[in-house]
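The lines below spell out each chain.
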Amino acid sequence: MESSDSTERTEITTLDRIGPKCRCHVVGVRASGALRKRVLAMGMVPGVEVETLQSAPLGDPTEYRVKGYCLSLRRAEARLIEVVQGDEP
Amino acid sequence: MTKQIRIALAGNPNVGKTTLFNAITGARQHVGNWPGVTVEKKTGRVSHNGYEIEVVDLPGTYSLTAYSADEVVARDFILEEKPDVVVQVVDATNMERNLYLTTQLSELRSPVVIALNMADMAEARGDAIDRDRLSAFLEMPVVRTVGTRKDGISSLLDAVIEEAETSPHHEHTIGYGDDAERMIASLVGVLETDQSLAARYPLRWLAVKLLEGDEDVLARIQEGPAAGRVQNILSSIDTDGYEATMADKRYEAIAAILPQVRTVNTRSMNSSDIIDRVVTDRYLGIPIFLALMWGAFELTFTVASPFVTAIDTAIAWLAEAVAGSIEPAWLASLLGDGIIGGVGAVLVFIPNIFILFLILSILEDTGYLARAAFVMDRPMHALGLPGKSFIPMLIGFGCNVPAIMATRTIEGEKDRLLTILINPFISCSARLPVYVLFAGAFFGQQAAGGVVFFLYVLGIVVAIASAKLFRSTILPGESSPFIMEMPPYRIPTALTSLIHMWDKGSMYIRKAGTIILFGAVVVWVLASFPYGVEYGSAESLAGSLGHLIEPLVAPLGFDWKVSVALIFGFLAKEIVVGSLGVLYGTGEESLSSALLADPNLSAATALALMVFVLIYTPCLATLGVIKKETGSWKWTGFSVAYGLIAAWILAFIVGHLAGIFSGGM
């Protein structure tokens with residue numbers, strides 16, 4: 001993250017840029033069509049808290065915890081999910 | 001008199017739905033396909049308190065949008081077939097996301113009963129769920145079940161029967177907020193003008209789906225009188241925005257209920273997380289995966305090997321017994337070489353298929369298969385394939401038949417088709433005898449191993465190159481997005497694994513078996529006619545066909561004998577060896593010296609032939625499963641045509657290059 005600690009909490013970034021073991025909140029989903037339907041159905045809705053768990057051995061995909069279960073996304077899909085870092089939305 | 005009711009089993013994937021289905025119906029079940037799609041359809045029956053209940057297992061879905069064939073199948077069944085009751089299997093340890101489907105089921109106006117499954121696991125980790133309050137909030141019965149121990153089945157069926165006998169049903173709907181509700185109301189107003197639509201579907205549900213931009217629903221109203229005004233309303237709004245708002249509202253409604261009905265025991269880390277850390281570890285992840293795959297491969301092929309040999313021996317003995325005892329000779333040959341040989345060609349794969357699907361079922365039910373796809377997604381994605389296609393590719397080295405059947409776990413239809421089409425290029429074990437014969441005869445002890453290795457690598461290269469080619473031509477587009485649940489690790493139940501194994505095995509016999517048997521009889525006719533010729537000799541139809549296609553393969557250096565052997569190799573690739581034995585009149589023992597002595601054959605030709613056998617048409621059994629799994633003769637035919645053309649080109653190149661280096665073909 002290039003941003004300083006003070007601005008980080010309110011700055012909108014994307015889920016793929018959130019480091020492991022960090023929490024963030026979803027503020028928007030930029031995907032469209034079928035992909036959008038799936039992402040929303042899996043609980044990646046605005047306001048939800050997401051925790052980054054771990055990445056696969058070759059760095060992609062990454063496992064997240066959302067809505068009390070574990071979900072894995074490729075970097076390409078995570079890039080479409082807008083988030084703000086931190087415990088509060 | 002017994003009363004009939006029909007129920008549908010709905011639920012998210014990985015909630016123990018299949019286990020519960022097995023617990024309810026036991027052995028009284030039937031497996032087929034939903035019409036028009038390659039989605040498995042399971043139905044079963046159970047008698048309870050004087051009711052005969054038909055249970056239809058819907059595909060596992062997270063939602064009821066038109067995201068995938070699975071979702072469309074599930075919601076069409078509920079909408080069109082109108083089951084008396086829909087039972088939603090809910091994972092008690094993962095209620096928030098599971099109830100998202102519930103919010104959509106209730107909009108379909110079908111009576112719903114919730115089976116709160118895996119209740120024991122939720123209790124074991126200290127969660128307390130107030131089922132009565134949950135039932136009151138959802139306005140539907142909630143029954144505690146543990147599918148693995150068959151707990152709660154009887155109470156579930158009681159609730160189902162009671163629900164089926166209750167009418168009318170109270171509709172439980174979610175409020176989507178003022179703005180969305182205004183849009184829904186105006187859409188419902190327009191839709192009401194379409195009488196036939198209003199009679200068939202819940203209008204509020206249609207309006208909600210239209211607002212979400214659901215193209216399948218839009219297509220349904222296209223022909224009706226309301227289409228124009230609906231289009232007018234939709235063109236003025238942003239359906240993407242509504243879709244997100246409505247998903248959010250559904251989750252909001254769930255979030256409002258849950259704290260009132262459930263107390264969660266918060267833990268920092270559970271055993272599932274710890275196992276996950278290890279199996280997806282940066283250094284250990286891939287070695288663990290490879291070790292498990294090696295184990296699966298070994299079990300599938302070495303454990304099955306004595307059974308395969310036994311079936312082979314039994315079939316051969318039976319064929320011989322028939323040939324020796326039945327008159328006239330042509331009938332003995334039809335029964336012995338044609339029918340029994342054909343049935344043998346079907347049965348010989350059964351041990352592999354049973355063991356492989358037992359293993360895959362265990363890997364899937366424990367939750368490891370999702371981790372395997374997670375670990376392998378990156379390298380496979382680089383090749384244009386999904387992570388889940390690794391397992392079918394690996395199994396292909398043993399046999400392409402179970403390998404292609406194993407593509408069922410791949411979700412995207414294009415990804416699955418791609419994996420099926422490239423699988424035959426993975427060199428299966430039946431091709432090895434051909435390599436051993438020719439490499440041994442023409443390249444000697446020292447070089448033979450290298451030649452065989454070259455062929456295996458060539459197969460992989462052709463598979464990958466074909467994947468790239470198909471992606472940019474006939475199956476365009478990116479591979480499917482990867483949005484996969486990582487289910488918690490669980491202990492599989494023996495019943496579920498065994499039923500899965502039996503389903504796959506019997507499905508293979510019924511669906512692929514008939515095609516294979518038919519093909520075997522056709523080949524028998526070619527080998528036995530005109531009447532009186534020696535089976536598979538130069539004078540038979542196959543022999544004439546060999547002469548006929550000789551000019552086509554002459555540029556590769558193949559003569560008519562090789563052509564005939566290649567025709568028989570269509571039955572199963574190892575038959576190339578036996579067929580050459582017949583044509584050279586030597587049997588298989590002294591065949592290699594006969595081949596060496598043939599002036600038409602050189603080392604370069606032998607290499608071209610091995611390349612050709614590697615790549616040309618998938619064998620009959622493989623084609624049988626390609627037809628079954630793609631549901632299309634077009635793709636089956638494509639597989640044959642593409643294989644033949646690719647084989648010809650590569651055999652030509654390899655043969656001529658080898659000829660240049662060794663001094664003439």
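Here, every reference points to the structure presented above.
Computed from a predicted structure; not experimentally measured.

Engineer: Explain the overall build of chain A to me, please; I cannot follow it from the model alone.
Structural biologist: A tally of regular secondary structure across chain A gives 3 helices and 6 strands. The N-to-C order of helical and strand elements in chain A reads α-β-β-α-β-β-β-α-β. Across the 89 residues that make up chain A, the buried fraction comes to 57%. If you take every contact in chain A between residues at least 6 apart in sequence, the share linking residues at least 24 apart comes to 59%. Carbon together with sulfur atoms contributes 48% to the accessible area of chain A, which is approximately 3700 Å² in total.

Engineer: What am I meant to see in the pairing of strand E6 (residues 81-85) of chain A here?
Structural biologist: Residues in a regular strand project their side chains so that they alternate between the two faces of the sheet. Residue and element names in this part refer to chain A. Where burial is concerned, most of E6 is hidden: 4 out of the 5 residues are buried. Taken together, the 5 bridges between strand E2 (residues 23-29) and E6 define a ladder with antiparallel strand orientation. Bridged to Val 26 within E6 is Val 83.

Engineer: What's the story with a nonpolar patch on the surface in this structure? I'm lost.
Structural biologist: A contiguous nonpolar patch, built from Ile645(B), Trp648(B), Ile649(B), Phe652(B), Ile653(B), Leu657(B), Ile660(B) and Phe661(B) and spanning about 830 Å² of accessible area, is present on the exposed surface. Relative to the helices and strands, Leu657(B) resides in helix H30 (residues 633-662).

Engineer: I would appreciate a short explanation of the pairing of strand E3 (residues 49-55) of chain A in the present structure.
Structural biologist: Residues and elements named next belong to chain A. Counting buried positions along E3 yields 5 of 7 residues, so the element is predominantly enclosed. Relative to E3, E2 is paired through 3 bridges, and the arrangement is antiparallel. Across the sheet, the residue bridging to Cys 24 is Val 50, located in E3. Note that E3 and strand E4 (residues 62-66) share 4 bridges and pair antiparallel. Considered in E4, the bridge of Thr 52 is made with Tyr 64.

Engineer: Please clarify how the interface of chain B and chain A should be interpreted in this entry.
Structural biologist: Often, the extent of an interface is quoted as the loss of accessible area on bringing the components together. Listed by partner, the interface residues are 42 residues for chain B and 33 residues for chain A. Roughly 3400 Å² is buried in total at the junction of chain B and chain A, and carbon and sulfur atoms are behind 58% of that figure. Of all residues in chain B, the largest losses of buried area upon contact with chain A belong to Tyr67(B), Phe374(B) and Ile483(B), amounting jointly to 20% of the total for that side. The interface formed by chain B and chain A includes 6 salt bridges. Close ionic contact of Asp273(B) with Arg65(A) constitutes a salt bridge, the shortest N to O distance being 3.2 Å. Connecting chain B to chain A are 14 residue pairs in polar contact (both at pLDDT 80 or more).

Engineer: Would you mind showing me how to read the packing of aromatic side chains here?
Structural biologist: Centre-to-centre distance and the angle between the planes together describe a pair of aromatic rings. What the rule picks out here adds up to 15 aromatic pairs over all chains. Between the aromatic rings of Phe397(B) and Tyr456(B), the centroid separation amounts to 6.1 Å while the plane-to-plane angle is 25°, which identifies the pairing as stacked. Of this pair, Phe397(B) sits in the loop between helix H19 (390-396) and helix H20 (400-405) while Tyr456(B) is found in helix H22 (residues 432-472), placing the two residues 59 residues apart along the sequence. These aromatic residues form a ring-pair network of at least three members: Phe425(B), Phe470(B), Trp635(B), Phe638(B) and Tyr642(B). It is Arg97(B) that lies over the ring of Tyr69(A); its NZ or CZ is 4.1 Å from the centre. When the ring centre of Tyr489(B) is taken as origin, the NZ or CZ atom of Arg371(B), which lies over that ring, is 4.2 Å away.

What counts as what
- Residues numbered from 1 in each chain as written.
- Chains lettered and ligands numbered in written order.
- Predicted model: local features only at pLDDT ≥ 70, side-chain atom pairs only at ≥ 80, totals over all residues.
- Heavy atoms only, no water.
- Helix = DSSP H or I, 4+ residues; strand = E, 2+ residues; numbered from the N terminus.
- Buried < 20%, exposed > 50% of the residue type's maximum accessible area, 1.4 Å probe, protein only.
- Contact = heavy atoms within 4.5 Å.
- Areas by Shrake-Rupley, 256 points an atom, 1.4 Å probe, with all protein chains shown as cover.
- Pairing = 2+ DSSP bridges.
- Patch = residues over 30% accessible without salt bridge, like charges linked within 9 Å, V, L, I, M, F, W, Y side chains within 5 Å.
- Salt bridge = Lys/Arg side-chain N within 4 Å of Asp/Glu carboxyl O.
- Buried area = accessible area lost by both parts, 1.4 Å probe.
- Polar contact = N/O pair within 3.5 Å; in protein donor to acceptor, adjacent residues only side chain to side chain.
- Phe/Tyr/Trp six-rings, centres within 6.5 Å; stacked < 30°, edge-to-face > 60°.
- Lys NZ or Arg CZ within 6 Å of the ring centre and 35° of its normal.

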